[in-house]
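Residues per chain are reported as follows:
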Amino acid sequence: MPTEGQSSSEAACRNARWPAQANIQYPGSDAFTNATIRWNAYGSPSYCAAVTPSSEEEVVSIVKAANAAKIPFLATGGRHNYGTTLQKLQNGLAIDLSLLNGVKIDEDSSTATIGGGAKIRDVLGPVSEAGYQIPSGACNCAGYIGSGMGGGIGYLEGTFGLVIDSLVSARLITARGDLIEVSESLNPDLFWAIRGAGTNFGIITSAVYKLTKPVNDGQVFYADLIYGASQKSDYFNAMQTFNDNMPSQLGFSSALFWNTTTNETSILATFIYVGSETEARKDLAPFFDLNPVVFAAKMIPFIQVPNVVLMGVTDASCYTSEGLHSIHTVNVRQFAAETYALVFDKFDAFMKEYPDSRTSAVILETFSNHATLTVPDDSTAYPWRDARGNVMLQLRWTGLDNPFGKTANAFALELRDDFVATSGYPELSAYVSYAYGDETLEQKFGRDKLPRLIELKKKWDPENVFGYCNPLPTQ
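Residues numbered from 1 in each chain as written. Predicted model: local features only at pLDDT ≥ 70, side-chain atom pairs only at ≥ 80, totals over all residues. Heavy atoms only, no water.

### Overview of the pattern of salt bridges
- Evaluated as defined, the whole model comprises 18 salt bridges.
- In this structure, Arg 281 and Glu 277 form a salt bridge, with 2.9 Å as the shortest nitrogen-oxygen distance. A residue pair is termed a helical-turn pair when its members lie 3 or 4 positions apart in one helix, as Arg 281 and Glu 277 do in helix α9 (residues 277-283) at 4 residues.
- Taking relative accessible area as the criterion, Arg 281 reaches 35% and is therefore assigned partly exposed.
- You can call Glu 277 partly exposed: its relative accessible area is 28%.
- For the salt bridge of Asp 348 with Lys 352, the shortest nitrogen-to-oxygen distance reads 2.9 Å. Here Asp 348 pairs with Lys 352, and both are found in helix α13 (residues 337-353), just 4 residues apart, close to one helical turn.
- Since its relative accessible area comes to 14%, Asp 348 is described here as buried. (Salt bridge = Lys/Arg side-chain N within 4 Å of Asp/Glu carboxyl O. Helix = DSSP H or I, 4+ residues; strand = E, 2+ residues; numbered from the N terminus. Buried < 20%, exposed > 50% of the residue type's maximum accessible area, 1.4 Å probe, protein only.)

### A look at the nonpolar core
- Ile 114, Ile 134, Tyr 144, Ile 194, Phe 201, Tyr 209 and Leu 453 are the most contacted members of the largest nonpolar core, which has 76 residues in total.
- Excluding residues within four positions of it along the chain, Phe 201 makes contact with Leu 172, Ile 173, Thr 174, Leu 190, Ala 193, Ile 194, Leu 453, Leu 456, Lys 457, Trp 460, Phe 466 and Leu 472.
- Formed by 52 residues, the second largest nonpolar core is a distinct cluster that contains Ala 41, Ala 341, Val 343 and Ala 408. (Core = buried A, V, L, I, M, F, W, Y, C linked by side-chain atoms within 4.5 Å. Contact = heavy atoms within 4.5 Å.)

### With respect to the packing of helix α8 (residues 232-240) against α13
- It is the contact of α8 with α13, at a shortest axis distance of 8 Å, that shows an interaxial angle of 145°. Taken as a pair, α8 and α13 cross one another with a handedness that is right-handed. In this structure, α8 contributes Lys 232, Ser 233, Phe 236, Asn 237, Met 239 and Gln 240 to the contact, and α13 contributes Ala 337, Tyr 340, Ala 341, Phe 344 and Asp 345.
- When grouped by side-chain class, the residues that make up the contact of α8 with α13 number 6 nonpolar, 3 polar and 2 charged. (Axes fitted to C-alpha atoms, helices over the stretch in contact; angles between N-to-C directions. Left-handed = near helix turned anticlockwise from the far one by under 90°. Nonpolar A, V, L, I, M, F, W, Y, C, P; charged D, E, K, R; others polar.)

### Description of the sheet that holds strand β9 (residues 219-227)
- Taken in spatial order, the 7 strands make up an open sheet running β12-β9-β11-β10-β14-β15-β13, and their pairing is antiparallel. Edge strands, defined here as strands with exactly one partner in the open sheet, are β12 (293-301) and β13 (326-332). With direction set aside, neighbouring strand axes in the sheet form an average angle of 15°.
- In this structure, β9 lies alongside β12, joined through 8 bridges in antiparallel fashion. The residue of β12 that forms the bridge with Gln 219 is Pro 301.
- On top of the sheet, α13 reaches β10 (250-259), β11 (264-273), β13, β14 (361-367) and β15 (389-395); it is set at about 30° to β10, its chief contact.
- Packed on one face of the sheet, helix α14 (residues 404-421) meets β13, β14 and β15 and runs near 5° to β13. (Pairing = 2+ DSSP bridges.)

### Digging into the sheet that holds strand β4 (residues 103-106)
- Ordered by their spatial adjacency, 5 strands build an open sheet running β4-β5-β8-β6-β7, and the pairing between neighbours is antiparallel. A strand with exactly one partner marks an edge of an open sheet, and here the two such strands are β4 and β7 (179-183). Taken pair by pair, the neighbouring strands of this sheet meet at an average axis angle of 15°, ignoring direction.
- Here strand β6 (residues 167-173) runs beside β7; their pairing, made up of 5 bridges, is antiparallel. Within β7, the residue paired with Ile 173 across the bridge is Leu 179.
- Docked against the sheet, helix α4 (residues 120-129) engages β4 and β5 (111-115), running at close to 25° with respect to β4.
- Contacts from helix α7 (residues 188-197) reach β6, β7 and β8 (203-210) within the one sheet, and its direction differs from that of β6 by about 100°.

### Notes on the environment of Arg 388
- Relative to the helices and strands, Arg 388 resides in the loop between β14 and β15.
- Accessibility expressed as a relative area gives 26% for Arg 388, which makes it partly exposed.
- Residues Arg 388 and Met 246 lie 142 residues apart in sequence; the distance between their C-alpha atoms is 9.2 Å.
- In contact with Arg 388, other than residues within four places in its own chain, are Phe 242, Asn 243, Asp 244, Val 332, Arg 333, Phe 335, Glu 365, Thr 366, Phe 367 and Asn 369.

### A short note on the packing of α13 against α14
- Put simply, α13 and α14 touch, their axes get as near as 10 Å, and they point 165° apart. Viewed along their axes, α13 and α14 adopt a mutual orientation that is roughly antiparallel. Handedness of the α13/α14 crossing: right-handed. Between α13 and α14, the residues in contact are Thr 339, Tyr 340, Leu 342, Val 343, Lys 346, Phe 347 and Phe 350 and Phe 404, Thr 407, Ala 408, Phe 411, Glu 414, Leu 415, Asp 418 and Phe 419, respectively.
- Residue composition of the contact of α13 with α14, grouped by class: 10 nonpolar, 2 polar and 3 charged. (Parallel < 35°, antiparallel > 145°, perpendicular 65-115°, else oblique.)

### Concerning the environment of Ser 54
- With respect to the secondary-structure elements, Ser 54 resides in the loop between β1 (47-51) and α3 (56-68).
- Through-space distance from the C-alpha of Ser 54 to that of Tyr 319 is 23 Å; in sequence the pair is 265 residues apart.

Next comes the structure, spelled out in structure tokens:
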């Protein structure tokens, strides 16, 4: 029975028969806070207990104990997920995988075995030191495996493909608490599913990825350029020319942001080019010829990409916690200069009307899909190989209970509709790792992939144990 001031769920957490080796932490302790604090406080889950296991065997025993006590749980790596569906988990168990952060390089097979709690910052250094490259996202604090289960997009994907395209095998704990291996030859149906919808099927304690020998000695050209409001049309017209001929070596992001120096909305563009500076400047001439403010333009090791993106703002933000980030997203397979200029003007007007939201941004990620398209579409559950870009509408304000949140989200939905209208897709399509949570299943998982995913969900997780991160239906 619950004690005074204790809910039934809290009592269940405290009374569960946890494994003897499990160091269960409860609200009020520093260890609990360290195991549950998130980058984004918006749409967060809540927990009645937390545990930081030190081995995959311990994770197995914890999952079985939680199931027996009927306590919902969520396993986390970097705790950088954006989606609001996580808030469906209330008073659950947090399984913090941060101690499972090993990275082991096997030079004989040119592979890396990466722990389920390893962050991107933990992975790139050892891979580079061993003389290899690997695809990744651009946020150092995000979990490497977790951020890749939706696909794993990134600046270098035109050369190296998606993160899931390098996945060889994974060790996974199922909804029943069984530890299994998945690969092309072992549980191949599940291996197909986790490459695009991985959060629905289990806890990955470790995974093996194939590595690639460095291109251009592991050096990339990096440039951060700033364009004023008067240059927006010329900039977006230059982007539009890449509809049919974007270099495979190029990935770039364009952030619409409020520039406190000039007191106007501006564009901050980060360009990453897998090649020499001479080749990069030739392909990027349409952007340099617009005479932007050049913050940086130089060669850097590929492992520094997450540190420098958007003038280092992405990396600085990565180390913050409990912020408010309401993020909506759109995939695009064509660039539409008129739409982008329209969105720029709307964003500028919104920033002027609501100064408290001026830390918001609209980010247009434009990554070559050259290598991505070389992988057969039916080989993985990832549905958006033809996408040329991903839009992130990042609205920010202060105070979880601030009624301005409704105004900000309504504005984000308006901009999302603008992007969808000229996206090249017949309806909204969303990269599931960026999904807000209001999208339909078809919009996140693709109409062609969804039926097979639903059948596999019914087979591997019929009780919807893994039902909090953009869940698939089980009925």
